[in-house]
Amino acid sequence: MYVEVAEGVHRLTQGVTNFYLIEQSGKFTLIDAGTPGDWDFFCRSLASHGELPDLEAVLLTHAHPDHTGIAEKARTDAGAQVWIHSADADAARTGKTGKNDGSIASYLLRAEFYRTLFSLARRGATKMIPVKEVSSFADGETIDVPGRPRAGHAPGHTPGSAVLLLEQRRVLFTGDVIATRNPLTGRAGPQIMPSGLNEDTGEALRSLDLLRGMNAGVLLPGHGDPWTQGAAEAVSQAKAAGRS
Ligand SMILES: [Zn+2]
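What comes next is a walk through the structure. Note that residues are indexed from 1 along each chain, following the sequence as it is written. Totals for whole chains, interfaces and linings use every residue, but because this is a predicted model, local features are given only for residues with pLDDT of at least 70 and side-chain atom pairs only at 80 or more, for both listing and counting. Values reported for side chains reflect all heavy atoms of the structure, with hydrogen atoms and water molecules removed beforehand.

**So, the overall build of the protein chain**
So, point 1. Secondary structure summary: the protein chain contains eight helices and 13 strands in total.
So, point 2. Over its C-alpha trace the protein chain gives a radius of gyration of 16 Å, about what one expects of a compact globule, namely 18 Å for 244 residues.
So, point 3. Across its three principal axes, the protein chain shows a C-alpha extent of roughly 45 × 35 × 30 Å.
So, point 4. Burial classes follow relative accessibility: with a 1.4 Å probe on protein chains only, a residue under 20% of its type's maximum area counts as buried, one over 50% as exposed, and anything between as partly exposed. Across the 244 residues in the protein chain, those meeting the buried criterion constitute 56%.
So, point 5. Residue pairs in contact within the protein chain that sit at least 24 positions apart in sequence constitute 66% of those at least 6 positions apart.
So, point 6. Values of accessible area rely on a 1.4 Å probe in the Shrake-Rupley scheme; residue burial ignores everything except the protein chains shown. Taken as a whole, the protein chain presents about 10,200 Å² of accessible surface, with 49% of it coming from carbon and sulfur.
So, point 7. Charge counting follows a simple rule: Lys and Arg are positive, Asp and Glu are negative, and His as well as the terminal groups are ignored. Lysine's charge is taken at NZ, arginine's at CZ, aspartate's at CG and glutamate's at CD. Positive and negative side-chain charges of the protein chain, numbering 24 and 28 respectively, have mean locations separated by a distance of 6 Å. The way it works is that DSSP assigns letters per residue, a run of H or I at least four long becomes a helix, a run of E at least two long becomes a strand, and they are numbered from the N terminus. Note that the radius of gyration is over C-alpha atoms, with the globule rule given as 2.2 Å times the number of residues to the power 0.38. Contacts are assigned to residue pairs that have any heavy atoms within 4.5 Å of one another.

Below, the structure written as structure tokens:
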């Protein structure tokens, strides 16, 4: 799927995870990098914007293999600079992620668990491909790449999980800070990620407060469909949903 979901913002997905392409004056920034198996799909999508579009940067919301997928290839083959919050930079460079606080065993009776697992395995997303050179951003930083997103540090899912705000367009990329579809249970609606995939679920719930005041009408998550009822309502519903 390659569709425009906000002004100059396209959603890319071949199943479980979303990533997004921002256009600004003929230059491009990728928000997250899908799965390793998404490279051909990405190239076809980018080519629809004309010959040799310029991919300047890849901004990663966090270091997990279903979000860092083609980042290293974009760096080496397309010359894009890859960015991530400083607290996830080592994980991106080494391909080693931290330990999660919940057990996967509690999801084994869910059909969605297998749907997600097989879809990610088919696209090589069970292991992270290290990104050899990454630049890091900090909380509150406006990153000087096409679209000029502003970063918000929202740890919990991973230590360096971040959201990225396009202030003028009122679009917030939430990564795995808020999902609108639970990849292990299939439940729809704004929510944090399931405990089996979080390093610190309590912290993930607390980090939601950081998003409440963000001036965003549209939220674009790593998992699930776009949310168009604003950040505050998404946070309220995610808090009410709680842990899974
Ligand atoms: Zn994740």
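**Some details on the sheet that holds strand β2 (residues 9-13)**
So, point 1. Pairing in this open sheet of seven strands is mixed, and the strands run β1-β2-β3-β4-β5-β6-β7 from one edge to the other. The strands lining the two open edges of the sheet, one partner per strand, are β1 (2-6) and β7 (135-137). Strand-to-strand twist across the sheet, computed as the mean angle between neighbouring axes with direction ignored, equals 30 degrees.
So, point 2. Bridge count for strand β6 (residues 81-85) against β7 is three bridges, and the pairing is parallel. Paired with His-85 across the bridge in β7 is Phe-137. Two strands are said to pair when DSSP picks up at least two bridges between them. Every axis corresponds to a line fitted to the C-alpha atoms, with the helix fit spanning only the stretch in contact, and the corresponding angles, defined between N-to-C directions, vary from 0 to 180 degrees.

**Digging into unusual backbone geometry**
So, point 1. Here the phi dihedral of Asp-32 falls at roughly 65 degrees; this positive angle occurs in a residue that is not glycine.
So, point 2. Positive phi is not limited to glycine here, since Arg-170 has a value of about 55 degrees.
So, point 3. Positionally, Arg-170 belongs in the loop between β9 (162-166) and β10 (171-175).

**Quick word on the packing of aromatic side chains**
So, point 1. Between 30 and 60 degrees the pair is tilted, below 30 it is stacked and above 60 it is edge-to-face, where a pair is any two Phe, Tyr or Trp rings, Trp via its six-membered ring, whose centres lie within 6.5 Å. Going through the model one piece at a time under the given rule, you end up with five aromatic pairs.
So, point 2. Taking the centre distance of 5.0 Å and the plane angle of 90 degrees together, the rings of Phe-113 and Tyr-114 count as edge-to-face.
So, point 3. On the basis of relative accessibility, which here comes to 7%, the residue Phe-113 falls in the buried class.
So, point 4. Residue class for Tyr-114 comes out partly exposed when judged on its relative accessible area of 33%.
So, point 5. Consider the rings of Tyr-114 and Phe-118, whose centres lie 6.5 Å apart with planes at 35 degrees: the pair is tilted. With a gap of four residues between them, Tyr-114 and Phe-118 both fall in helix α5 (residues 111-122), about one helical turn apart.
So, point 6. Looking at Phe-118, the relative accessible area reads 52%, which means it is exposed.
So, point 7. Connected via pairs of aromatic rings, a cluster forms that spans Phe-113, Tyr-114 and Phe-118.

**Digging into the coordination of the zinc ion**
So, point 1. Only nitrogen, oxygen and sulfur atoms qualify as donors, and only when within 2.8 Å of the metal (3.2 Å in the case of Na, K and Ca); with water excluded, sites may look incomplete. Distances from the zinc ion to its protein donors, His-62 (NE2), His-64 (ND1), His-157 (NE2) and Asp-176 (OD), fall at 2.2 to 2.3 Å.
So, point 2. Irregular is the default label, applied whenever a site is not tetrahedral (four donors, all angles between 85 and 135 degrees) and neither square planar nor octahedral (four or six donors, opposite donors over 155 degrees apart, all other angles between 65 and 115). The coordination sphere of the zinc ion comprises four donor atoms, whose angles at the metal cover 84 to 170 degrees; the geometry is irregular.
So, point 3. Expressed as a motif, the donor residue spacing for the zinc ion is H-x1-H-x92-H-x18-D. Taken together, the residues span a long stretch of sequence, with His-62 in the loop between β5 (54-59) and α2 (65-68) and His-157 in the loop between β8 (150-153) and β9 at a distance of 95 residues. For the pair His-62 and His-157, one class covers both residues: buried.

**A short note on the nonpolar core**
Among soluble globular proteins, nonpolar side chains are generally buried collectively.
So, point 1. Here, nonpolar core refers to any group of buried Ala, Val, Leu, Ile, Met, Phe, Trp, Tyr and Cys residues whose side-chain atoms link them within 4.5 Å. One finds Leu-21, Leu-30, Phe-42, Leu-55 and Val-58 to be the most contacted residues of the largest nonpolar core, which totals 26 residues.
So, point 2. Of all the secondary structure elements, the ones that give two or more residues to this core are β3 (18-24), β4 (27-31), α1 (39-47), β5, α3 (71-78), β6 and α4 (86-94).
So, point 3. Residue contributions to this core peak at four residues, all from α1.

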